[in-house]
Amino acid sequence: MSSLHDIGRAVRDRRTEVGLSQGQLAYLSGLSRQTLAGLENGTLNDLGFNRVARVTSVLGLESAPLNTVGHSKKRGLWMAAKTASASCAQELSPETLGEALVRGEVPPPFVPHLVHLLDEAPVQVVVMAVEEAAAGAHVAPKAVWRNVARLAQSLSVHRRALWTSSR
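Note that the coordinates shown come from a computational prediction; the quantities given were computed from them, not determined experimentally. Throughout this description, residue numbers start from 1 for each chain and increase along the sequence as written. Local features in a predicted model are, by the rule used here, given only for residues with pLDDT of at least 70; side-chain atom pairs are given and counted only at 80 or more, and totals for whole chains, interfaces and linings are based on all residues. Remark: hydrogens and water are excluded; side-chain values derive from all non-hydrogen atoms of the structure.

Engineer: Account for the packing of helix α2 (residues 22-29) against helix α4 (residues 49-58), naming residues and giving values.
Structural biologist: Each axis is a line fitted through C-alpha atoms, taken for helices only over the stretch in contact, and angles between the N-to-C directions span 0 to 180 degrees. Helix and strand definitions here come from DSSP, where helices need a minimum of 4 consecutive H or I residues and strands a minimum of 2 consecutive E residues; each element is numbered from the N-terminal end. Their axes nearest at 9 Å, the elements α2 and α4 cross at an angle of 120°. Judged by the sense of rotation from one axis to the other, the crossing of α2 with α4 is right-handed. Counted together, L25, L28 and S29 of α2 and R54, V55 and V58 of α4 form the full contact between these two elements. Class assignment of the residues belonging to the contact of α2 with α4 gives a composition of four nonpolar, one polar and one charged. Each crossing gets its hand from how the near helix is turned against the far one by less than a right angle, where anticlockwise is left-handed and clockwise is right-handed. Only heavy atoms enter the contact rule, under which two residues are in contact if any of them lie within 4.5 Å. Put simply, Ala, Val, Leu, Ile, Met, Phe, Trp, Tyr, Cys and Pro go in the nonpolar bin, Asp, Glu, Lys and Arg in the charged bin, and everything else, Gly too, in the polar bin.

Engineer: How would you explain unusual backbone geometry if you had to name every residue and give the values?
Structural biologist: Despite not being glycine, H138 shows a phi value in the positive range, around 55°. The exposure class of H138 is exposed, given its relative accessible area of 75%. Positive phi, close to 50°, is recorded for S156, a residue that is not glycine. Mapping S156 onto the fold places it in the loop between α10 (141-154) and α11 (160-164). Note on exposure labels: buried denotes an accessible area under 20% of the residue type's maximum, exposed denotes more than 50%, and partly exposed covers the range between, all computed with a 1.4 Å probe on protein chains only. Given a relative accessible area of 47%, S156 falls into the partly exposed group.

This is how it looks when you write it as structure tokens:
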């Protein structure tokens, strides 16, 4: 999937190629000219999927189908273990983290690591770690999520509501 900046560049190039002004494309796609200019100049932080889709469809631009190919190439447990170990003297290994997530039990020396992970790590990193741990242990990710919720509760992490709300 492309970044908003890359999409903006493709929109500008295609708009020019088909001979539309920013005003015309804005009108055809239901956006303001200022929003379209921000997209093309790369100054927008967010536009929303539906609005991007309206602009790209007017221009005949197709996005790649949504998939997890890039996601599957990332090492979720490794990234999560590194994130969890950021402020700790002892490093948490991806294997130990995976076992802790699958079993729902944290070896005592690594409790601060799990607290840090569940309180500070980007949600995407935790999602990848859970997915990878579940696959490695041949268990359903749902079971690992239950363990994450229990760990968040028992460790009294600040973001425990985030991890326990979908239980």
